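# Topology and contacts: notes
So the chains spell out like this:
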Amino acid sequence: MESGRIFLTAEWRDLVLLNYEVDPAILRPYVPRGTELDYWNSKTFVSLVGFRFINTKVFGVQIPFHANFTEVNLRFYVRRHERGEVRRGVVFIREIVPRRAIALVARTLYNENYVALPMAHEIRNGKDGGISASYRWRYGAPWSEMLFESQGNPEPLRDGSDEQFIAEHYWGYAAQRNGACVEYHVAHPSWNVWQARHADFIGDAEQLYGAAFAAVLSKKPSSAFLADGSPVTVMRGRRI
């Protein structure tokens, strides 16, 4: 990890990931300069991800009323070659948070496509060790919602699994207005995950994501899981 260049620390908890196979042609216009699409078994994916930020600090400072909040994002997966290293990362189509100040900081520093909307979430732990979760947001009149109900017990990510592919991208890439790209490192340990008994997205995706992504999200997820999460460290970005 690059010491002295920490932008944000927090805990990410109760991450619900709904994953959809997608035609790579839909993603190519969003691929930042210097990166390429990342494939798993010759397939490309977008993921709708809902999770909780806890004890958030920016440049080591906890901002009152902005330490604990939820986020929902739509993202896809890229990679970049750097001096013999393959850096596997994510690109965000849209990120939703409940507070305008959070969205403003992210848009200003990284040109990430954040929007502030009313949000709610509910996490329930079952007696059998299972878990259910929902993340909701409102854009216009109706509420949209991610739903997840687990089956079985949480397990470590399996090498070579689609869950490992989705969860273990440790870089972020953000295209800039001038055509450049900002790269930043995200550090966290590997997570434990629950498989899905039931998982779905309900709502109007077209207003936020456009017709092409709305058509993808109207289908059943190709896969879904819930990760327990961990402390995370997000490094300051650099232009590449």
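Structure: see above.
Residues numbered from 1 in each chain as written. Predicted model: local features only at pLDDT ≥ 70, side-chain atom pairs only at ≥ 80, totals over all residues. Heavy atoms only, no water.

On to the pairing of strand E11 (residues 181–187), then. The buried fraction of E11 amounts to seven of the seven residues, a majority that puts the element mostly inside the structure. Both faces of E11 are covered, namely the face carrying Cys181, Glu183, His185 and Ala187 and the face carrying Val182, Tyr184 and Val186. With five bridges joining them, strand E10 (residues 171–175) and E11 adopt antiparallel strand pairing. Note on E11: the bridge partner recorded for alanine 175 is cysteine 181. Connecting E10 to the next strand, E11, in antiparallel fashion are five residues, including glycine 179 with a positive phi near 95 degrees. In the sheet, E11 pairs with strand E14 (residues 238–239) via two bridges, with the strands oriented antiparallel. Bridge pairing links glutamate 183 to arginine 238 in E14. (Buried < 20%, exposed > 50% of the residue type's maximum accessible area, 1.4 Å probe, protein only. Helix = DSSP H or I, 4+ residues; strand = E, 2+ residues; numbered from the N terminus. Pairing = 2+ DSSP bridges.)

Before going further, it helps to spend a moment on empty space enclosed by the protein. Picture a little ball the size of a water molecule; that probe, rolled over the atoms, points out where space is still empty. A full pass over the atoms with the stated rule returns one cavity of 30 Å³ or more. Counted as a void, the largest cavity has a volume near 50 Å³. In terms of lining, the largest cavity is formed by Trp137, Tyr139, Pro142, Ser144, Asp204, Gln207 and Leu208. Taken together, the residues of the lining of the largest cavity sort by class into four nonpolar, two polar and one charged. (1 Å grid on protein atoms, 1.4 Å probe; cavity = no way out; pocket = protein on both sides within 12 Å on 5 of 7 lines; lining within 4 Å. Points joined across faces, edges and corners; volume = space filled by probe spheres on them. Nonpolar A, V, L, I, M, F, W, Y, C, P; charged D, E, K, R; others polar.)

Here we take up the packing of aromatic side chains. Across all of its chains, the model carries 10 aromatic pairs by this definition. A centroid spacing of 5.4 Å and a plane angle of 75 degrees characterise the contact between phenylalanine 7 and phenylalanine 59, whose relative ring orientation is edge-to-face. In this pair, phenylalanine 7 sits in strand E1 (residues 6–22) while phenylalanine 59 sits in the loop between strand E3 (44–58) and strand E4 (69–82), placing the two residues 52 residues apart along the sequence. Cluster of aromatic residues (ring-pair linked, three or more members): Trp12, Phe51, Phe53 and Phe69. (Phe/Tyr/Trp six-rings, centres within 6.5 Å; stacked < 30°, edge-to-face > 60°.)

Residues of helix H2 (residues 100–110) that are buried include every one of Ile102, Ala103, Ala106 and Tyr110, and no others. Taken around the axis of H2, the buried residues stretch over an arc of 95 degrees, which confines them to a single face. Opposite the packed face of H2, turned more than 90 degrees from it, sit the exposed residues Arg100 and Thr108. The first or second residue beyond H2 is asparagine 111, which carries a positive phi of 60 degrees. (Arc of directions from axis to C-beta.)

Here the focus is the layout of surface pockets. Taken as a whole, the largest pocket spans an internal volume of roughly 640 Å³. If you go around the largest pocket, you meet 38 residues; those closest to its centre are Leu8, Phe53, Glu71, Tyr114 and Val234. Mapped by element, the contributors of at least two residues to the lining of the largest pocket are E1, E3, E4, strand E5 (85–97), H2, E10 and E11. Sorting elements by how many residues they give to the lining of the largest pocket places E3 first, with six residues.

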